[in-house]
Amino acid sequence: MEKFTIHTGRALPLRRSNVDTDQIIPAEYLKRVTRTGFEDGLFAAWRKDPDFILNQPQYAGVSVLVAGPDFGTGSSREHAVWALNDYGFRVVLSSRYADIFRGNSSKAGLLTAVVAEDRIEQIWADVEADPATEVTVDLAAREVRWAGQTAPFDIDDYTRWRLMEGLDDIGLTLRHEEMVTEFEHSRPGWLPRTLPAKSG
Amino acid sequence: MGSTMGRTLAQKVWDAHVVRSADGEPDLLYIDLHLVHEVTSPQAFDGLRLAGRPVRRPDLTIATEDHNVPTVDIDKPIADLVSRTQVETLRRNCAEFGVRLAPMGDIDQGIVHVIGPQLGLTQPGMTVVCGDSHTSTHGAFGALAFGIGTSEVEHVLATQTLPLRPFKTMAVEVRGKLAPGVTAKDIVLALITQIGTGGGQGHVIEYRGEAIEALSVEARMTICNMSIEAGARAGMIAPDDTTFEYLEGRPHAAEGADWDAAVAYWRGLRTDDDAEFDTVVELDASTLTPFVTWGTNPGQGAPLGAEIPNPASFANPADRAAAERALEYMGLEAGTKLRDIAVDTVFVGSCTNGRIEDLRAAAEVIKGRKVADGVRMLVVPGSVRVRLQAMEEGLDQVFLDAGAEWRGAGCSMCLGMNPDQLAPQERSASTSNRNFEGRQGKGGRTHLVSPLVAAATAVTGRLSSPSDLDRVEV
Ligand code: SF4
């Protein structure tokens with residue numbers, strides 16, 4: 001997982017609340033056997049509409065998603081985070097998230113920052129006025145900066161630390177790898193192994 | 001878990017696997033055996049590949065193809081594209097990461113929860129995980145065994161550990177002796193009806209008491225298998241001489257001095273007398289009769305001799321609504337005698353009841369009899385080894401003579417990911433574990449039963465027990 005300290009990019013003003021994971025990525029994309037390549041599934045139903053904001057040329061290459069409250073509700077599918085990542089989003093800004101979605105995000109390196117609703121409205125307005133507006137998300141300072149303005153954001157210390165260190169769950173465990181190795185030395189020798197294979 | 005008081009079996013196994021423990025953090029638990037299959041593993045392997053991580057302990061990992069393998073024409077390519085992709089992906093992943101695989105056609109292939117015990121890989125006191133909820137099956141050996149999600153599968157592949165918060169513990173005391181014709185399946189179906197599908201939530205269940213001790217290891221697996229249907233994370237039974245006898249001489253069991261050391265350790269794997277469970281449930285085995293489900297969750301069951309309950313008789317409004325909806329889906333009416341329910345299909349198989357003893361029990365009932373007109377009976381062994389053993393005993397011929405279909409090994413109609421499915425509104429008596437809407441095929445209607453009831457039902461075409469057949473004959 002990449003370390004996250006500060007990110008600057010253009011933003012997508014998604015003026016919708018209660019965006020559930022079925023909208024983020026519909027169920028038909030879940031049959032795949034890969035962990036990547038889900039960008040085509042992102043908001044797939046909405047993207048069928050040529051006027052949908054993500055289809056507008058001025059928003060090509062965005063990396064900061066600015067959404068209404070209650071983002072990521074519904075099914076717990078981790079694919080929702082993968083789809084956002086694969087499309088190129090590094091950050092979501094919203095005033096409220098579904099818990100499971102937020103948990104899944106931090107595990108996969110996607111920053112979900114809690115920003116006050118009136119600030120979200122302001123970012124929407126500024127970005128719509130000028131889609132080229134650069135938005136900087138500074139995790140070290142817990143601050144969003146755009147068009148000469150700033151807004152603080154909330155994130156718990158633990159998640160912030162994990163993102164800044166670039167540690168996924170596995171990375172976290174591997175920090176204690178010596179303890180795992182030590183434990184392995186203490187395991188009794190009669191415990192079974194699958195290899196070399198015995199049959200019968 | 002873990003205190004100065006006596007400890008339960010589950011706590012002992014937990015404590016023996018803690019790699020790291022820190023305040024406010026989950027315990028890091030070592031995993032002794034990781035079972036892998038084609039449905040929940042592809043993204044886990046892909047995650048490893050993306051991060052450039054190897055499988056830490058291929059020698060504690062084994063994979064098989066079971067969930068969507070066909071049970072006929074297994075030498076031909078799988079017709080269904082999604083199924084084929086999953087199976088082929090598993091083969092590539094196992095080759096790339098050095099994981100042992102029992103593919104279709106291999107003598108060790110079979111349902112993941114059948115092959116682990118069969119190879120002697122599942123042993124008392126171990127931690128066993130698999131990306132499948134019925135991993136609880138392995139608890140029959142006194143192992144702590146539970147299902148995990150795909151990202152946890154990746155975690156175990158990479159680290160051979162899992163961060164976990166302790167479970168609560170529940171004792172299910174099954175007193176008395178089972179009457180003839182009443183089986184482990186009837187115990188567990190009766191239990192789930194008693195405590196409900198959420199009754200075991202957050203708990204590891206330990207099954208204890210005279211009736212449990214009298215069961216064979218395979219029957220114990222049937223009970224532990226369905227712990228998850230009561231909402232529990234796992235089910236366990238303390239290992240005893242029955243367990244050791246089952247294990248001795250299995251391919252991956254220890255030998256000689258190692259075996260003796262193992263048995264000495266296993267004998268200590270019992271709940272201490274002064275240990276306390278968070279929850280205790282009691283059941284009297286001697287009052288049990290064959291038990292079947294009438295609804296769309298495993299907690300909607302009743303004795304075969306009973307009638308379908310009236311939804312109005314449920315005190316809890318949610319239960320009442322669930323019963324109403326279930327009867328509508330099942331096309332049944334309250335007050336109907338369960339014995340009057342006619343079925344189209346009988347399925348004997350699955351990780352619940354697809355082992356050799358299950359096939360023997362069903363064969364004994366159906367021997368010299370015929371599957372009723374208009375009924376299709378599918379017998380699907382849980383593994384290739386079970387299949388071969390059954391054939392050696394001539395059971396295949398018993399089933400074929402009766403007019404049943406004798407298939408290759410796999411999950412098959414338990415979940416209908418392969419072509420073995422119910423048609424809409426078709427009704428089955430099934431020895432599997434889930435009677436959810438559409439589980440065995442879209443619109444299909446499932447009654448969960450024991451292998452004995454399944455076989456008797458095949459003969460009469462209606463839900464029946466073997467004693468009904470005797471009555472007909474006399
Ligand atoms: S037999 Fe059924 S319950 Fe068992 S592993 Fe296969 S699909 Fe799951």
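All names here are of chain B. Following the criterion strictly, the structure yields 0 disulfides over all chains and no others. Among the cysteines around Cys130, which has no disulfide bond, Cys351 carries the closest sulfur, lying 9.7 Å off. Of the residues examined, Cys130 reaches a relative accessible area of 0% and is grouped as buried. Residue classification places Cys351 among the buried residues on the basis of a relative accessible area of 6%.

Residue and element names in this part refer to chain B. Reading across from one edge, E5-E4-E3-E6-E7 is the order of the 5 strands in this open sheet, with parallel pairing throughout. The open sheet has two free edges, formed respectively by strand E5 (100-102) and strand E7 (144-147), since each of these has just one partner strand. Direction aside, neighbouring strands of the sheet carry axes that sit 20° apart on average.

Once that is clear, we can look at the interface of chain A and chain B. Across the boundary between the two partners, chain A contributes 35 residues, which contact 51 residues of chain B. Buried area between chain A and chain B, both sides added, is near 3,700 Å², and the carbon and sulfur share of it is 59%. In terms of surface lost to chain B, no three residues of chain A exceed A:Val33, A:Trp190 and A:Thr194, which account for 21% of the buried area on that side. For the pair chain A and chain B, the number of links is 7 salt bridges. Residue A:Glu184 is joined to B:Arg56 by a salt bridge in which the shortest nitrogen-to-oxygen separation is 2.8 Å. On inspection of chain A and its partner chain B, the count reaches 25 residue pairs in polar contact (both at pLDDT 80 or more). Of all the elements in the fold, those that place two or more residues in the side of chain A that touches chain B are helix H3 (79-87), helix H7 (169-174) and helix H8 (177-186) of chain A. Among the elements that line the side of chain A that touches chain B, the one with the most residues is H8(A), at 6 residues. In terms of residue class, the side of chain A that touches chain B is made up of 14 nonpolar, 10 polar and 11 charged.

The next subject is the confidence of the model for chain B. Summary statistics for chain B give a mean pLDDT of 95 and a share of 98% for residues scoring 70 or more. ipTM for the predicted complex: 0.94, alongside a pTM of 0.91.

Turning next to the pairing of strand E6 (residues 143-146) of chain A. Residues and elements named next belong to chain A. Judged by which residues are buried, E6 turns out to be one-sided: Val144 and Trp146 face inward and are buried, whereas Glu143 and Arg145, on the alternate face, are not. Here strand E5 (residues 134-138) runs beside E6; their pairing, made up of 4 bridges, is antiparallel. Among the inter-strand pairings, Asp138 is bridged to a residue of E6, identified as Glu143. Judged from the 4 bridges that link them, E6 and strand E7 (residues 149-152) form a sheet pairing that is antiparallel. Residue Val144 lies in a different strand from E7, and its bridge partner there is Ala151.

Next up on the list: unusual backbone geometry. The omega angle of the peptide bond from A:Leu195 to A:Pro196 is -5°, so this bond is cis rather than trans. For A:Asn18, which is not glycine, the phi torsion reads 55° and is therefore positive. Within the chain, B:Gln425 stands out as a residue other than glycine whose phi angle is a positive 70°. Among the secondary structure elements, B:Gln425 is positioned in the loop between strand E17 (405-406) and strand E18 (427-430).

Once that is clear, we can look at the packing of aromatic side chains. Under the criterion given, the structure shown has 18 aromatic pairs over all chains. For the pair A:Tyr87 and A:Phe89, a centre-to-centre distance of 5.6 Å together with 20° between the ring planes defines the contact as stacked. The class of A:Tyr87 is partly exposed, set by a relative accessible area of 25%. Take A:Phe89: its relative accessible area is 1%, and that puts it in the buried class. A ring pair is formed by B:Trp294 and B:Phe314, whose centres lie 6.4 Å apart and whose planes are at 40°; its orientation type is tilted.

Turning our eyes to something else, we now look at the packing of helix H13 (residues 356-366) of chain B against helix H16 (residues 451-460) of chain B. Each packed pair of helices is defined by two parameters, the angle between the axes and the distance between the axes. Residue and element names in this part refer to chain B. At a minimum axis separation of 8 Å, H13 and H16 run at an interaxial angle of 30°. Accordingly, the angle class assigned to the pair H13 and H16 is roughly parallel. Crossing hand, H13 versus H16: right-handed. Across the interface between the two elements, Asp358, Ala361, Ala362, Val365 and Ile366 of H13 pack against Pro451, Leu452, Ala455, Ala456, Ala458 and Val459 of H16. The residue inventory of the contact of H13 with H16, partitioned by class, reads 10 nonpolar, no polar and 1 charged.

Our focus in this paragraph is the site of the ligand. All names here are of chain B. Taken together, His67, Ile111, His113, Asp132, His134, Ser350, Cys351, Cys411, Cys414, Leu415, Asn433 and Arg439 make up all the residues around the ligand. The pocket occupied by the ligand, as judged from atoms lying within 2 Å of grid points, is the second largest pocket. Along the lines of polarity and charge, the residues of the shell around the ligand split into 5 nonpolar, 5 polar and 2 charged.

All names here are of chain B. If you walk across this open sheet you meet the 3 strands as E1-E2-E8, and the pairing is antiparallel. Each of the sheet's edge strands pairs with one partner strand only, and the pair in question is strand E1 (18-20) and strand E8 (161-164). On average, each strand axis in the sheet is tilted by 40° relative to the strand beside it, whichever way the strands run. Here 4 bridges tie strand E2 (residues 27-30) to E8, and the two strands are oriented antiparallel to one another. In the sheet register, Leu28 faces E8, and the bridge partner there is Pro163.

A few words on the packing of H3(A) against helix H4 (residues 99-108) of chain A. Residue and element names in this part refer to chain A. In the contact formed by H3 and H4, the axes pass within 9 Å of each other and the chain directions differ by 50°. As far as their axial angle goes, H4 and H3 are oblique. Considering only the axes of H3 and H4, their crossing is right-handed. Here H3 contributes Ala80, Val81, Leu84 and Asn85 to the contact with H4, which in turn contributes Phe101, Asn104, Ser105 and Ala108. Across the contact of H3 with H4, the residue classes break down as 5 nonpolar, 3 polar and no charged.

Empty space within the second largest pocket amounts to approximately 750 Å³. Lining the second largest pocket we find 36 residues, and of these B:His37, B:Val39, B:Thr40, B:Gly131 and B:Asp132 sit closest to its centre. Those elements giving two or more residues to the lining of the second largest pocket turn out to be H3 of chain A together with helix H2 (42-51) and helix H12 (350-353) of chain B. When grouped by side-chain class, the residues that make up the lining of the second largest pocket number 13 nonpolar, 16 polar and 7 charged.

Moving on, we come to empty space enclosed by the protein. Residues and elements named next belong to chain B. Taken as a whole, this structure holds 1 cavity of 30 Å³ or more when the rule is applied. The computed volume of the largest cavity comes to approximately 30 Å³. If you go around the largest cavity, the residues you meet are His34, Leu35, Val36, His37, Thr40, Ser41, Cys130, Gly131 and Val153. If one sorts the elements of the lining of the largest cavity by residue count, strand E3 (residues 33-37) sits on top with 4 residues. Among the residues making up the lining of the largest cavity, the classes are represented as 4 nonpolar, 5 polar and no charged.

Note that side chains of opposite charge can pair when their charged atoms are close. Under the defined criterion, the tally for this structure stands at 40 salt bridges over all chains. Among the salt bridges present, the one from B:Arg220 reaches B:Asp240, with a minimum N-O distance of 2.8 Å. In this pair, B:Arg220 sits in helix H8 (residues 217-225) while B:Asp240 sits in the loop between strand E11 (234-236) and helix H9 (241-247), placing the two residues 20 residues apart along the sequence. Take B:Arg220 and B:Asp240: they sit in the same class, and that class is buried. One salt-bridge network, in which partners are shared between bridges, spans A:Glu177, A:Glu184, A:Arg193, B:Arg56, B:Arg57 and B:Asp59.

Procedures and definitions
Residues numbered from 1 in each chain as written. Chains lettered and ligands numbered in written order. Predicted model: local features only at pLDDT ≥ 70, side-chain atom pairs only at ≥ 80, totals over all residues. Heavy atoms only, no water. Disulfide = S-S within 2.5 Å. Buried < 20%, exposed > 50% of the residue type's maximum accessible area, 1.4 Å probe, protein only. Pairing = 2+ DSSP bridges. Helix = DSSP H or I, 4+ residues; strand = E, 2+ residues; numbered from the N terminus. Axes fitted to C-alpha atoms, helices over the stretch in contact; angles between N-to-C directions. Contact = heavy atoms within 4.5 Å. Buried area = accessible area lost by both parts, 1.4 Å probe. Salt bridge = Lys/Arg side-chain N within 4 Å of Asp/Glu carboxyl O. Polar contact = N/O pair within 3.5 Å; in protein donor to acceptor, adjacent residues only side chain to side chain. Nonpolar A, V, L, I, M, F, W, Y, C, P; charged D, E, K, R; others polar. pLDDT = per-residue confidence, 0-100. Phe/Tyr/Trp six-rings, centres within 6.5 Å; stacked < 30°, edge-to-face > 60°. Parallel < 35°, antiparallel > 145°, perpendicular 65-115°, else oblique. Left-handed = near helix turned anticlockwise from the far one by under 90°. Near = heavy atom within 4 Å. 1 Å grid on protein atoms, 1.4 Å probe; cavity = no way out; pocket = protein on both sides within 12 Å on 5 of 7 lines; lining within 4 Å. Sits in = over half its atoms within 2 Å of the grid points. Points joined across faces, edges and corners; volume = space filled by probe spheres on them.

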